[in-house]
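# Analysis of the macromolecular model
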Amino acid sequence: MHKWVLCLGALVLCGILAGCPSTTIPVGLTTAEYNWLQNHGAIKVGAFNDYPPFGFVDEDGEAIGISADVWHLISCRLNCPVEFYPVSFAEQLSGLQSGAYDSLEGIFPLASREEWADFSSVYWEINTHIYVRTEYADRTTLAALLGLKVGVVEGDSGQVLAQAAGLETVAYVSYEDVVKAAGQGAVDAMIMDELVAQYYINALGYQAALQVSGDALETGQMTMPVLEDNAMLLSIINKALADIDAWELELIHDKWIG
């Protein structure tokens, strides 16, 4: 377990010290919500370990990235510690379902997930794209990928899109593994969120082998999920998100994306 408690330290965004104030920033919690937090203790969050720039780990294995910084701001608003548990995306989903985690760093509110989860308000939007090996540059739609092997991350929205289109998919545990498979020719294409895909394409040196193809398939909406019917925590998270200012999100954007 890796534990980050923002309110015991400070968050530096673009060189600006933006730690927690000495007193709690009010977020309009009811007495029942405040008591729930006091009795519950730290909020346990399943975190990305390989989804840069939204969520990954530093050299010490600590959770960093856009999503972690947003959770740090939530921690400040609530004056409540947050504990991060960086694992694969599939493990995040199963951990939330089993009750090991109270929430996650962020997922799209897909219909298939509504059967067991409720979702906070949207805090970020992300475009999902097709990426192909350069010899398939003319394949610009999901339908055009029929007959090709398509790499996806297990449990990711890209897998949902590919399977709904009837594509032949090869599922991997990590986002990096998908990009490696496409770059090395084990799969012909992949479906992935653009900033994550571009990060790994650049980091692994596959700029000549892989390229984005066609328009965005969808614009995903990042939310913090809770188990279905956990209305108390959902309300608490939404109130904290509503209290975060636009300039704070802009600093986070500039810190990780530029």
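To keep things clear, this report deals only with the structure shown in the data block. Note that the structure is a prediction, hence the values are computed from the model and not measured.

## Some points on unusual backbone geometry
Residue Pro52 is joined to Pro53 through a cis peptide bond whose omega torsion reads 5°. Even without a glycine there, the phi angle at Asn79 is positive, about 50°. Assignment of secondary structure puts Asn79 in the loop between helix H2 (66–78) and strand E8 (82–87). Positive phi values are uncommon outside glycine, yet Asp229 reaches one of about 75°. With respect to the helices, strands and loops of the structure, Asp229 is situated in the loop between strand E16 (225–227) and helix H7 (231–242). The exposed category is assigned to Asp229, whose relative accessible area is 68%.

## Some remarks on the environment of Ile130
Considering the arrangement of structural elements, one finds Ile130 in strand E11 (residues 124–133). For the pair Ile130 and Leu217, spaced 87 residues apart in sequence, the C-alpha to C-alpha distance is 7.4 Å. With residues up to four places along the chain from it excluded, the contact list for Ile130 reads Arg139, Thr140, Thr141, Leu142, Leu145, Met190, Gln211, Val212, Ser213 and Leu217.

## A closer look at the sheet that holds strand E13 (residues 168–172)
In spatial order, the strands read E13-E12-E14-E11-E15; together these five strands make up an open sheet with mixed pairing. The open sheet terminates on both sides in strands that have one partner only, identified here as E13 and strand E15 (210–222). Taking each pair of neighbouring strands and ignoring which way they run, the sheet shows an average axis angle of 25°.

## Quick word on the pairing of strand E4 (residues 43–48)
Of all six residues in E4, five are buried, a share of seventy percent or more. Pairing of E4 with strand E9 (residues 103–104) involves two bridges; the strand directions are parallel. Across the sheet, residue Val45 finds its bridge partner in E9, namely Ser103.

## Description of the packing of H2 against helix H8 (residues 246–256)
Two numbers describe how H2 lies on H8: the axes approach to 10 Å, and their chain directions differ by 150°. Here H2 is positioned roughly antiparallel relative to H8, judged by the angle of their axes. Here H2 runs over H8; the crossing is right-handed. Every residue of H8 that contacts H2 at Ile66, Asp69, Val70, Leu73 and Arg77 is listed here: Glu248, Leu249, Ile252, Lys255 and Trp256.

## Observations concerning helix H5 (residues 175–184)
Note that an α-helix has 3.6 residues per turn; residues three or four places apart therefore point the same way. Of all the positions in H5, only Tyr175, Val178, Val179, Ala181, Ala182 and Gly183 are classed as buried. Here H5 starts with a cap whose side-chain oxygen sits 3.0 Å from the backbone nitrogen of Asp177, and that cap is Ser174. Following H5 by one or two positions, Gly185 has its phi on the positive side, about 90°.

## Considerations on the side chain of Glu105
Looking at the secondary structure, you find Glu105 in the loop between E9 and strand E10 (117–119). Although Glu105 lies buried, it forms no salt bridge, and the closest oppositely charged side chain, Lys255, sits 11 Å away as judged by the N-O distance. At 3.0 Å, the side chain of Glu105 and the backbone nitrogen of Phe48 are in polar contact.

## Focus: the nonpolar core
Judged by nonpolar contacts, the single largest core of 64 residues is most densely connected at Ile43, Trp71, Ile74, Leu78 and Met190. Looking at this core element by element, the count peaks at seven residues for H2. With near-sequence residues (within four places) excluded, Met190 lies in contact with His129, Ile130, Tyr131, Val150, Gly151, Val178, Val179, Ala182, Ala197, Ile201 and Leu210. Residues Leu142, Leu161, Ala162 and Ala189 belong to the second largest nonpolar core, which totals twelve residues.

## Topic: the packing of H5 against helix H6 (residues 194–204)
The interhelical angle for the contact between H5 and H6, taken along N-to-C directions, is 60°, at an axis separation of 10 Å. As summarised for this structure, H5 and H6 are arranged oblique, according to the angle between their axes. Between H5 and H6 the crossing geometry is right-handed. Across from Tyr175, Glu176, Val179 and Lys180 in H5, the residues of H6 making contact are Val196, Tyr200, Ile201 and Leu204. In terms of residue class, the contact of H5 with H6 is made up of six nonpolar, no polar and two charged.

Rules of the game
Residues numbered from 1 in each chain as written. Predicted model: local features only at pLDDT ≥ 70, side-chain atom pairs only at ≥ 80, totals over all residues. Heavy atoms only, no water. Helix = DSSP H or I, 4+ residues; strand = E, 2+ residues; numbered from the N terminus. Buried < 20%, exposed > 50% of the residue type's maximum accessible area, 1.4 Å probe, protein only. Contact = heavy atoms within 4.5 Å. Pairing = 2+ DSSP bridges. Axes fitted to C-alpha atoms, helices over the stretch in contact; angles between N-to-C directions. Parallel < 35°, antiparallel > 145°, perpendicular 65-115°, else oblique. Left-handed = near helix turned anticlockwise from the far one by under 90°. Polar contact = N/O pair within 3.5 Å; in protein donor to acceptor, adjacent residues only side chain to side chain. Lys, Arg positive; Asp, Glu negative; His and termini not counted. Salt bridge = Lys/Arg side-chain N within 4 Å of Asp/Glu carboxyl O. Core = buried A, V, L, I, M, F, W, Y, C linked by side-chain atoms within 4.5 Å. Nonpolar A, V, L, I, M, F, W, Y, C, P; charged D, E, K, R; others polar.

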